[in-house]
Amino acid sequence: MKRSSTKGSTKTTVASQRTIQRATDRRDARKSDAPPKKKPVQAGPRKEPENPLPAQHLVKPGRESDLRPAPRFEAKDYRGSGKLRGQRILRLLAW
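Read on for a plain summary of the structure. (Residues numbered from 1 in each chain as written. Predicted model: local features only at pLDDT ≥ 70, side-chain atom pairs only at ≥ 80, totals over all residues. Heavy atoms only, no water.)

**Observations regarding the overall build of the protein**
- Scanning the protein for helices and strands turns up one helix and zero strands.
- Counting across all 95 residues of the protein, residues that qualify as buried make up 1%.
- Carbon and sulfur atoms make up 55% of the accessible area of the protein, which totals about 10500 Å². (Helix = DSSP H or I, 4+ residues; strand = E, 2+ residues; numbered from the N terminus. Buried < 20%, exposed > 50% of the residue type's maximum accessible area, 1.4 Å probe, protein only. Areas by Shrake-Rupley, 256 points an atom, 1.4 Å probe, with all protein chains shown as cover.)

**A look at a positive patch on the surface**
- A cluster of basic residues, R18, R22, R26, R27, R30, K31 and K37, forms a positive patch on the protein surface.
- Among the secondary structure elements, K31 is positioned in helix α1 (residues 7–31).
- Under the relative-accessibility criterion, K31 is labelled exposed at 57%. (Patch = residues over 30% accessible without salt bridge, like charges linked within 9 Å, V, L, I, M, F, W, Y side chains within 5 Å. Salt bridge = Lys/Arg side-chain N within 4 Å of Asp/Glu carboxyl O. Lys, Arg positive; Asp, Glu negative; His and termini not counted. Charge placed at Lys NZ, Arg CZ, Asp CG, Glu CD.)

**So, the pattern of salt bridges**
- Following the criterion strictly, the structure yields one salt bridge and no others.
- Between R63 and D66 there is a salt bridge; the shortest N-O distance is 3.6 Å.
- Here D66 falls in the partly exposed class, since its relative accessible area comes to 41%.

Encoded structure:
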């Protein structure tokens, strides 16, 4: 069995990878001039209660509407990071 020369294919591969790396470096250099992306706002306009919160206890069964300040279950002012914006959902149904 005769061995094939790998020097030629190695040189070709190295040259190809260097070309790819140069193109990537040029693309990255152009990106650095872009303004930084804005981060999502986590704090909303809602005023939060000051600490320490008043000690409260409800006799069971009680009503949460009697608590002051009232508990919050939904964070209406919350905005996610946006990492999944523009992505599609793939739903798999299990039968």
